[in-house]
Amino acid sequence: MKLTRRQTLASLGLAAGAGLLPRLALSQDAGAFRIGALNPVTGAGGPYGTGMQKMILAAAEAVNAAGGAGGRMLEIFAEDTQTQPQAAVLAAKKLIDVNKVQAILGTWSSGVSLAVIPLTNEAGIPLFHCSGAPALSVPPANEKKLGYRFQATNDRFGRAFAEIAKKEGFKRPATMAFNNASGIGNTEGFTRAWTAMGGEVVASVVYEPAQPSYRAELQKILDAKPDVIVTGSYLADTTIILREWYQTGEETKWIIPAWAANPELVKALGPAVVEGIISVDSISNEGSPAFAAYDAAYQKAIGKSGLGNVYAAMAWDMVTVLALAMEAAGPGADASAINAKMRDVANPDGTKVSSFAEGKAALKNGKINYEGASSILDFDEFGDVTPDFAASFIRNGEIKREYQVKL
Amino acid sequence: MTSFVELLLSGITSGLIIGLAGLSVTLVFGIARFSNAATGDTMTLGAYGALMGTSLTGSLLAGGLIGLAAGALSAILAYVLVFRPLQNRSPISSLLASIGVAFFIRAVLGVVFGHDQMVFQMDLVRPFRLHGVRIQPNDLKFAGVAILTLALVFVVLHLTPIGRRMRAVADNPLLARVSGIAPRPVMFTLWAIAGAVAAVAGILLGMKTVVSPESGWDMLLPAFAAAVLGGIGHPVGAVLAGVIIGVAQELATPFVGFTYKIAISFLVLLLVLLVRPRGLFGKIEGVR
C-alpha cells in the first residue's frame, strides 16, 4: 500500500484524536462539578499564574476532603491564558464546549477578563476574576451578574493612590496611563478621589503600548513640574518609561501599582533608578485564619510564603466561596441557583467562618459569612470586593511595606 | 524651544531604528522581490542573541556581534530552507511563507526564553546639557551604532564587487544573469546583510526598551511604512523615511495627543504617497 502524504497526515491526526478519547470519556464523570482554572501561567501574569492554579487545585482538594460541596466533588480543568485575550478566549471556549465546565475561575488582567466574560455569560456560568477594570462591574460585561471580582477595582486602587499621595504630602501630582481599561481606570480613579479632596492634577497622559520611546509623553508630564507621577501601568512600559525618566535627570517621585513596581522592575533597572518608588498593592487578609490555611497550602505547593502572591490567595477564596455557595444551594443546584447564594455565604450577618469544612458544618445551623484569605470578601451589588491596600517603598533595591491603607 | 529640540533628538534616535528595519525590508524587496514579514522577528532574534552573547561573554560589544551573527544566520537559513524553493513562484507565496517564518521564530523564542521581559543591563546615566538641551549619552551611542551600520551597508553596496552585483540584480535580474552574474553569492550576501541589519535594529530597540518575543513584530508596520515611504527597494530612502516617521511621531504628539502617535506615521505615509506615489526616492517602473 502506498500512502500519500495527505493520507499519512490524516491517519496520524486520527491516531492523535483517538488518544484523547478515553480522557474525555473519563472527564464527563456524572457526579462531579467541573471547574475551569483559567490562569495567566505565561505572559505578563506569569509570576502569579502558576501559584493561582496550584491554589485552585489545593482548595478543591480541601473541599473534596471535606466530602464535597452540595453532594458533588470538584473537578478542575487547568488552562493557560498566556495573559493574552486571544489565547484566553480559545482556552475558555475549550473549557466550556469540550470540558463542559460549570464555572471559570482566576482570569487575570482586564483585557483577558473582558474577553472571556461574554463567553461565560453566554454559557450562563460564573466567572471569578482578579481584574481591575471598572467596566467589569456593570452591563454589558456583567449584565447577568455572573461576574465576581476578587481584586480591588482600578477605581479603588486610584482611591488608595490618592490616600497615599495625601499622606506623603504631595501637592502637584501628574498621571500616566497605559491605554486600556485597567490603566485608565487607575488614573481616573486617582483623579476623581484627588479632586474630591480638593487637589489638582497638573498633567495627564494616556500612552500606547509597544512604543520604541515614551520621551514625548514624559516630556509633557515633566513640563508641568509635578512632584509625583501616578501611573496605571504594566511592567514592560514602566521599565521603558522609568529608564527614560532617569535619563532626563529629573527628580520626581512615583506611585506605581505593584503589578508593575515589583522585584522584576528592580532587577531590570537597578536600585539607583527605582529608589524611593512607592509600590501600591491590595493586600491579603493577613492574620486571618483563612489566610493561615492558604499560606500553609501555598508553602506546601510552591515552597514560598503566600504573602508574595496576593492573587493566589484570591484563587483560594474563589474555590472556597463557590463551594460554600454550592453547599448552601443544595444537591444538584444549577449555576443560577448557586449564583443566588454567593452573597448569602460571603457577606455579613451570619456565623463567621474561615474554611469550607467549617462553613459546611455551620450552614446546618443557618447563615454564614466567609472571611477569606484575600480579603473579608464581602461582595457589593456589582460583585466587587474592597480589600485593604499597602504602600511599599523601594529602598536600596528592596521593596518594603511601610503602612496599610483602608478605604 | 529646548523641549522641541529634545523631542527632535529623541525622534531621530527612534527613527534610525525604524530606518534600519526599513532598510532590511527594502533590501530584500529590491533583490528577492517580496516583502519580508519575518523582518520584525529577525530583529527579536538578534536581540535575544545579543542578550545571550552578553551574558556569556560579559561584554555588550561581543554580545552585540553575536546577536548580529544570529540574525544573519537565521536569515540565511530562512532563505535556504524556505525562500529559495519558492523563488520561481509568485511573490505572494514568499510573502505568505515569510509570515510563517515570522510565527516560527516568535514561537521558538517564546518556548526557549519564555514570555517574561528581559533587559540589557546597561549603565543608566544622567544627561548632560548643551545650551539647555538635555543630551542623553546612551542616545548618542545608539545613533552612532545605527549610523555606523548604515555606513557599512552602503560601503558594501557601493564600493565592493559583490555590492555592484547586488545592485545589478536589483536593477534588472534578467540582464544581470545574462551578463554572467551568478545569483547564488548575491542572494547569500543579501540575506546575510538583511538579517544582520535587522538584528542591529532589534538590539538597539532592545537596549532602548525591553526584549520580549513580540517586541520585533510590533515594529514591523513602521518598518514597512519606512520602506514604502522611501520608495520600495531604495536603501537611502528607507533610512531617511524611517527618520522622518520617527521625528513626525515625536514632534506631532504635543499637538494631536499620544493615542494617535502611531497614526501619525501612517498619515505621513498617506500624504507622501498621494503627492508622490513612487515614494521619496522610487523610480517610475513599467509593468514587469
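Residues numbered from 1 in each chain as written. Chains lettered and ligands numbered in written order. Predicted model: local features only at pLDDT ≥ 70, side-chain atom pairs only at ≥ 80, totals over all residues.

Looking only at helices and strands, chain A features 15 helices and 14 strands. For a compact globule of 407 residues, the expected C-alpha radius of gyration is about 22 Å, and chain A comes in at 23 Å, within 12% of that figure. Along the first, second and third principal axes, the C-alpha atoms of chain A reach 70 × 70 × 40 Å. Going through the 407 residues of chain A one by one, you find that 55% of them count as buried. Of the contacts made within chain A by residues no fewer than 6 positions apart, 67% connect residues no fewer than 24 positions apart. (Helix = DSSP H or I, 4+ residues; strand = E, 2+ residues; numbered from the N terminus. Rg over C-alpha atoms; globule rule 2.2 N^0.38 Å. Buried ≥ 20, exposed ≤ 12 C-beta atoms within 10 Å, placed from the backbone. Contact = placed C-beta atoms within 7 Å.)

Turning next to the confidence of the model for chain B. Here chain B averages 88 in pLDDT, and 98% of its residues register 70 or above. Our summary of model confidence lists the complex with pTM equal to 0.79 and ipTM equal to 0.83. (pLDDT = per-residue confidence, 0-100.)

What follows deals with the domain arrangement of chain A. Residues and elements named next belong to chain A. In terms of domains, chain A is made up of domain 1 (32-153 + 286-370) and domain 2 (155-282 + 389-405). The C-alpha centroid of domain 2 is placed 30 Å from the C-alpha centroid of domain 1. If you look at the interface, domain 1 gives 13 residues, while domain 2 gives eleven residues. (Domains from an automatic or database assignment.)

Looking now at the sheet that holds strand S13 (residues 388-395) of chain A. Residues and elements named next belong to chain A. Spatially, the seven strands line up as an open sheet ordered S7-S6-S8-S9-S10-S13-S14, and their pairing is mixed. The strands lining the two open edges of the sheet, one partner per strand, are strand S7 (203-207) and strand S14 (398-405). Ignoring strand direction, the axes of neighbouring strands in this sheet form an average angle of 25 degrees. The sheet contact formed by S13 and S14 spans seven bridges and is antiparallel. Looking at S14, one finds that Ala390 is bridged to Gln404. Together, strand S6 (173-178), S7 and strand S8 (228-232) form the strand contacts of helix H7 (residues 215-223), whose direction differs from that of S7 by roughly 170 degrees. (Pairing = 2+ DSSP bridges. Axes fitted to C-alpha atoms, helices over the stretch in contact; angles between N-to-C directions.)

With that out of the way, let us pick up the interface of chain A and chain B. On the chain B side, the residues contacting the 29 residues of chain A number 31 residues. Contributing elements (two or more residues each) for the side of chain A that touches chain B: S7, H7 and helix H8 (235-248) of chain A. The leading source of residues in the side of chain A that touches chain B is H8(A), at eight residues. Of the residues belonging to the side of chain A that touches chain B, the class tally is twelve nonpolar, eleven polar and six charged. (Nonpolar A, V, L, I, M, F, W, Y, C, P; charged D, E, K, R; others polar.)

It is worth spelling out the sheet that holds strand S3 (residues 103-108) of chain A at this point. Residue and element names in this part refer to chain A. The strand order S2-S1-S3-S4-S5 describes an open sheet built from five strands, whose pairing is parallel. The sheet terminates laterally at strand S2 (73-80) and strand S5 (147-149), the two strands that pair on one side only. Each strand axis lies, on average, 20 degrees off the axis of its neighbour in the sheet, ignoring direction. As defined by bridge partners, strand S4 (residues 127-130) adjoins S5 across three bridges and the pair is classed as parallel. Along S5, the bridge assignment pairs Phe128 with Tyr148. Helix H2 (residues 46-65) rests against strand S1 (32-39), S2 and S3 of the sheet, and its axis sits at about 170 degrees to S2.

Relative orientation and spacing of two packed helices are given, respectively, by the angle between their axes and the distance between those axes. All names here are of chain B. Packing of helix H1 (residues 2-32) against helix H9 (residues 220-229) leaves a shortest axis separation of 8 Å and a crossing angle of 65 degrees. By crossing handedness, the relation of H1 to H9 is classed as right-handed. Along the contact surface, H1 presents Ile18, Gly19, Ala21, Gly22, Val25, Thr26 and Phe29, while H9 presents Pro222, Ala223, Phe224, Ala226 and Ala227. Here the contact of H1 with H9 is built from residues that sort into nine nonpolar, three polar and no charged. (Left-handed = near helix turned anticlockwise from the far one by under 90°.)

Below, the discussion takes up the pairing of strand S10 (residues 278-283) of chain A. All names here are of chain A. When you tally the buried positions in S10, you get six out of six residues, the bulk of the element. When strand S9 (residues 253-257) meets S10, the two strands line up parallel, connected through three bridges. Bridge pairing in S10 places Pro257 opposite Val280. Note that S10 and S13 share six bridges and pair antiparallel. Each bridged residue has a counterpart across the sheet, and for Ile278 the counterpart in S13 is Phe393.

Moving on, we get to H7(A). Summarising burial for H7(A): seven of the nine residues are buried, a large majority. Taken as a whole, H7(A) has its buried residues at A:Arg215, A:Ala216, A:Glu217, A:Leu218, A:Gln219, A:Lys220 and A:Ile221. Packed against the buried residues of H7(A) are S6, S7, S8 and H8 of chain A together with H1 and helix H10 (235-256) of chain B. Phi turns positive one or two residues past the end of H7(A), at A:Lys225, with a value near 50 degrees.

What follows concerns unusual backbone geometry. In terms of backbone geometry, most residues other than glycine have negative phi values and most peptide bonds are trans. Residue and element names in this part refer to chain A. The peptide bond linking Pro139 to Pro140 adopts the cis configuration, its omega dihedral lying at 5 degrees. With respect to the helices and strands, the residue Pro140 is situated in the loop between S4 and S5. Despite not being glycine, Lys225 shows a phi value in the positive range, around 50 degrees. The topology assignment puts Lys225 in the loop between H7 and S8. For Asp349, which is not glycine, the phi dihedral falls at a positive 75 degrees. With respect to the element layout, Asp349 can be found in the loop between helix H14 (342-346) and strand S11 (351-353). Residue class for Asp349 comes out exposed when judged on the 9 C-beta atoms lying within 10 Å of it.

This paragraph deals with the nonpolar core. With 211 residues, the main nonpolar core has A:Met55 and B:Leu190 as its most contacted residues. If one sorts the elements of this core by residue count, helix H12 (residues 310-329) of chain A sits on top with 17 residues. Two domains each provide a minimum of three residues to this core, namely domain 1 (32-153 + 286-370) and domain 2 (155-282 + 389-405) of chain A. Setting aside residues up to four positions removed in sequence, B:Leu190 forms contacts with B:Leu27, B:Val28, B:Ile31, B:Ala32 and B:Met166. (Core = buried A, V, L, I, M, F, W, Y, C linked by C-beta atoms within 7 Å.)

The next thing to look at is helix H4 (residues 91-113) of chain B. Residue and element names in this part refer to chain B. The terminal C-alpha atoms of H4, which comprises 23 residues, lie 32 Å apart, in line with the 33 Å expected from a rise of 1.5 Å per residue. Listing the buried residues of H4 in full gives Ser94, Ala97, Ser98, Val101, Ala102, Ile105, Arg106 and Leu109. Those residues of H4 that are buried lie in contact with helix H2 (39-57) and helix H3 (60-83). Looking one or two places after H4, you find Gly114, whose phi comes out positive at around 80 degrees. (Expected span 1.5 Å × (residues − 1).)

Residue and element names in this part refer to chain A. With respect to the element layout, Tyr294 can be found in helix H11 (residues 289-302). Put simply, Tyr294 and Ala315 are 21 residues apart on the chain and 9.8 Å apart in space, counted from C-alpha to C-alpha. The residues contacting Tyr294, other than those within four sequence positions of it, are Met55, Gly306, Ala313, Trp316 and Ala373.

Quick look at the packing of H3(B) against H4(B) now. Residue and element names in this part refer to chain B. Where H3 contacts H4, the axes come no closer than 11 Å and their chain directions differ by 130 degrees. As the angle between them shows, H3 and H4 are arranged oblique. Like other packed secondary-structure pairs, H3 and H4 cross with a definite hand, here right-handed. Of H4, the residues touching H3 (which contributes Ser74, Ala78, Val82 and Phe83) are Ser94, Ala97, Val101 and Ile105. Here the contact of H3 with H4 is composed, by residue class, of six nonpolar, two polar and no charged. (Parallel < 35°, antiparallel > 145°, perpendicular 65-115°, else oblique.)

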